[in-house]
Each structure stands twice: as C-alpha cells, then as structure tokens.
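Residues per chain, in single letters:
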Amino acid sequence: MATLGFQTSAIPQPAEMPILEGLSIGTVGRSGRMAWRTDGVEAAIVSGAWKAPREGDAAESPSGVQRRWRRIAAGADATFRGPDLNGGYLFAVVESARERPMTLLASGHSMVYVNGEPRAGDPYQHGISAVPILLRAGRNEFLFHCGRGALSARLVAPAAMVGLDTRDSTLPDVRAGVRGKQWGAMLLLNHLESRGIGYRIVAQVDGAEAVTTLLPPLMPMSVRKVGFQFAAPGRTQEADVACKVSLIAPGTVEPVSETTVRLRIRKPGQSCKQTFVSRIDGSVQYYAVQPAQQKSPNAALVLTLHGAGVEAIGQADAYAPKQWANLVAATNRRPFGFDWEDWGRWDALEVLDLASRQLRADPQRIYLTG
C-alpha cells in the first residue's frame, strides 16, 4: 500500500499540511451513550493489539460484525464524507522531514489518536478545536473517531510557540454607562515541550485602562482556555468597542502574541451576555439576560434552558421582552450541552443563584421553562 498522507522531504516544511487521503472503516460496535463501550477498534487499542491498518484489513465488533478498511479521499473542499464516518474511524499518515510543533485544526471527530496519544475533538463541527501536537521526523499516524459523516483536518505551523487563539472565546457584552472590570476567556496554545509558568495577559478596551491578569501554569503541548480581565469604558454611543488582548511571557514586556476582539455595547432594555467566574471549576462562563421592560425591585425571573445547537444569547433573544419578568438563559457550557445533567445542571443552578441575587428576583416568582 502506498504511504497515506503527505510526503514532505523539502526543507523548509510547508506552513500548512491538509490531510486529504486515508483509510476508513464503518462502526465496529457502539461507543456512544451507554453503560459500557463495545467498540472493536478501541478494544484493540486498550488491549495493546492495535496496529496500523492496511487497505482490506478487517476489524470485528464484539457482536461479530466484520468490516474492512478501505481507501477514502477528501473532496474538493478538503472534507472527507461517507457512511463509514457515521461512528467509524479514519486513519491517515503524515510524513515529516523533521520534528516540528504544529497545530491540528480538525472538525467532525469526537477524538483523535496522534501517534497513539488521545486528543480532544470537535464532534459538532463548530470549528473551535485547535490542538498543539508534535510531529515526529518521518511517519506520523492519525486515527480519528468520527460521528456525523464528515471530517476535515489540517496541520498549521503556529504563529507563536505560546499564543492566543480566538476561535473558542467566551466574551461578555459591555453595558452602556457601566464601568468596572469584566471577565473574558480565550484559548491559549502551548507548543513548547515544557510548562509555561508566569505568563500574563494585558487587556485594554479603547478608552479604558489596561488590566493585567496572571495566568495559571500551562502544561506542555497543550491547549487551555484562560480567563482574563478588562475594564469596561462606560461609553454609550458606539455599537461595539475594540479590546486588544496581549500575551506577555515571563521576564519580558513585549507581547509574544496579540489579538483584538470586538465587544458589543448594549443599552438598558437590550439583551446582553454577562460573564462570571464559576465556583464549580474556576472557569469563565456566561449567561444571557433579556431584561424586564418595567423596572421593579422584585421582578419575576424566568430561567430558560436551551436545546441542541442553541447558545444562551440565542435562547434569550428567542423571547420578546416581558414587562414583568427578567428572562435568564444559562449556557450549559456548550451549544450542544442540552441534557442539563451533571455539568449542565450545576451550570443552570449556579446561573439561577447569580442572576437571582443580581436582579433581586422575587423568590415567590421564579419560573423554569425551555
């Protein structure tokens, strides 16, 4: 069988390496929401029997269903599609002339084994996954566990060894006329093989003071969503405002990575996103409020829970404003966090507590819907 993936021998290596061919196999068991997993490929990995497949090789599910690995190629849009990717696997090889750090940008997989190491995926194809990996010199194996019939994957050279990434940010709205510090969160990618200690973020909104946030340690070759503070400007005229976010390495003053995001300015009576630091795990989360149109010290509060594919701000905006009640939408931490169990339940209860105190809700007039 010809080597799968990209053959790269010239130096320097390309800055971007799409994965365009590989082998796929349909589902060989069940690995979704069930008490125990019955996936034949995963069983081989766990038992130590896994080896890189060749075209035509067979794999068997615990129930005896046998499937074979077959060649698959990405389409003109660099996306793999096919029935095998509904719960099955895609195996690809990438050749590298030298060892080098890269960022894996993939979408449509629940997880991926990179040279045998499990890494997180992006099952709902939101395009929010950015994972630092270390390509070995020579052959590198990628085993994607797919779930929804499509997969795209490419490797990109990092702009900075430790850098900011905006694709999965949690950012609040800025309320007109309100000053004070607010929280945001952004992905931080560490492509170093050592821990990152002592990094800090300096964030500054146009017309406001710069605010410095010391960051927690970063594990080697990892991605972490980190919280940072900024000062709201209190302005009322513009529709949005720019916030410059700079990452500063320990012992330096010049940024090693920098980006600018725009924050909406929301006026009284408009729906808005509000961030907070969760007591559950210290992460920055947000909820949305559709405020009551009639000011009252003891307005009712309606907690509304979204369904699959919806975010908190979209849920809040689905309602017309009410005269008598504040509508509060919890996030459940992800658009597809729709079961409201475990983390989602905790998130909803935490938001209910925060919003009840902030909005001074009448405890006799709290409702649940969604």
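Basis of the calculations
Residues numbered from 1 in each chain as written. Predicted model: local features only at pLDDT ≥ 70, side-chain atom pairs only at ≥ 80, totals over all residues. Heavy atoms only, no water. Salt bridge = Lys/Arg side-chain N within 4 Å of Asp/Glu carboxyl O. Helix = DSSP H or I, 4+ residues; strand = E, 2+ residues; numbered from the N terminus. Buried < 20%, exposed > 50% of the residue type's maximum accessible area, 1.4 Å probe, protein only. Polar contact = N/O pair within 3.5 Å; in protein donor to acceptor, adjacent residues only side chain to side chain. Contact = heavy atoms within 4.5 Å. Pairing = 2+ DSSP bridges. Axes fitted to C-alpha atoms, helices over the stretch in contact; angles between N-to-C directions. Expected span 1.5 Å × (residues − 1). Core = buried A, V, L, I, M, F, W, Y, C linked by side-chain atoms within 4.5 Å.

J.: Explain the pattern of salt bridges to me, please; I cannot follow it from the model alone.
T.: When their charged atoms lie close together, side chains carrying opposite charge are able to pair. Here the structure, examined in full by the defined rule, presents 12 salt bridges. With a shortest N-O distance of 3.7 Å, Glu55 and Arg71 are connected by a salt bridge. Highlighted residues: Glu55 in the loop between α1 (40-47) and β3 (58-60) and Arg71 in strand β5 (residues 70-73), separated in sequence by 16 residues. The partly exposed category is assigned to Arg71, whose relative accessible area is 39%. The partner of Arg279 in a salt bridge is Asp353, and the shortest N-O contact between them spans 3.7 Å. Of this pair, Arg279 sits in the loop between β22 (272-277) and β23 (284-290) while Asp353 sits in helix α3 (residues 343-358); the two residues are 74 residues apart in sequence, bridging distant segments of the chain. Judged by relative accessible area, Asp353 falls into the partly exposed class, the value being 31%. Taken together, the shared-partner salt bridges connect Arg279, Asp353 and Arg357 into one network.

J.: Just to check I follow, could you spell out the side chain of Glu350 for this structure?
T.: Here Glu350 shows up in helix α3. A distance of 2.6 Å separates a polar side-chain atom of Glu350 from the backbone nitrogen of Arg279. With near-sequence residues (within four places) excluded, Glu350 lies in contact with Phe276, Val277, Ser278, Arg279 and Ile280.

J.: How should I be thinking about the sheet that holds β5 in this particular structure?
T.: Strand pairing in a sheet relies on backbone hydrogen bonds, with the paired strands running either antiparallel or parallel. An order of β5-β2-β7-β12-β9-β10 is seen for the 6 strands of this open sheet, with the pairing classed as antiparallel. A strand with exactly one partner marks an edge of an open sheet, and here the two such strands are β5 and β10 (117-120). Between one strand axis and the next, the sheet turns through 30° on average, direction left out of account. Sheet analysis places strand β2 (residues 21-25) next to strand β7 (residues 89-96), joined by 3 bridges and oriented antiparallel.

J.: Teacher, can you tell me more about α3 here?
T.: Because each turn of an α-helix spans 3.6 residues, side chains separated by three or four positions end up pointing in the same direction. With 16 residues, α3 should cover 22 Å at 1.5 Å per step; its first-to-last C-alpha distance of 22 Å lies within 8% of that length. Residues of α3 that are buried: Gly344, Asp347, Ala348, Glu350, Val351, Leu354, Ala355 and Ser356. Tucked into the core, α3 has its buried residues touching β22, β23, β24 (300-304), β25 (325-329) and β26 (366-369). In the segment just after α3, Arg360 is the residue with positive phi, at about 55°.

J.: Could you clarify how one ought to interpret the nonpolar core in this entry?
T.: Ranked by size, the top nonpolar core spans 28 residues in total, and within it Ile201 and Leu263 carry the most contacts. Listed by contribution, the elements that provide at least two residues to this core are β14 (162-170), β16 (179-190), β17 (200-205), β19 (222-233), β20 (240-248) and β21 (255-266). For this core, the leading source of residues is β19, giving 5 residues. With near-sequence residues (within four places) excluded, Leu263 lies in contact with Leu171, Pro172, Val174, Val205, Phe230, Ala239, Asp240, Val241 and Cys243. Core analysis: the second largest hydrophobic core is formed by 23 residues, Ala74, Phe142, Cys146 and Ala153 among them.

J.: For this particular structure, what's the right way to read the environment of Ser169?
T.: As for its position among the elements, Ser169 is in strand β14. Expressed as a C-alpha distance, the spacing of Ser169 and Val226, which sit 57 residues apart in the sequence, is 9.4 Å. Setting aside residues up to four positions removed in sequence, Ser169 forms contacts with Ala185, Met186 and Lys225. There is a polar contact of 3.0 Å between the side chain of Ser169 and the backbone oxygen of Thr166.

J.: Whenever I open this one, unusual backbone geometry confuses me. Can you help?
T.: Most of the time, phi is negative for any residue but glycine, and the peptide bond is trans. Look at Gln125: it is not a glycine, yet its phi comes out positive at around 60°. On the secondary structure map, Gln125 appears in the loop between β10 and β11 (131-135). Classification of Gln125 as partly exposed rests on a relative accessible area of 37%. The phi dihedral of Asn332 is positive, around 60°, even though this residue is not glycine. Within the element layout of this structure, Asn332 appears in the loop between β25 and α3.

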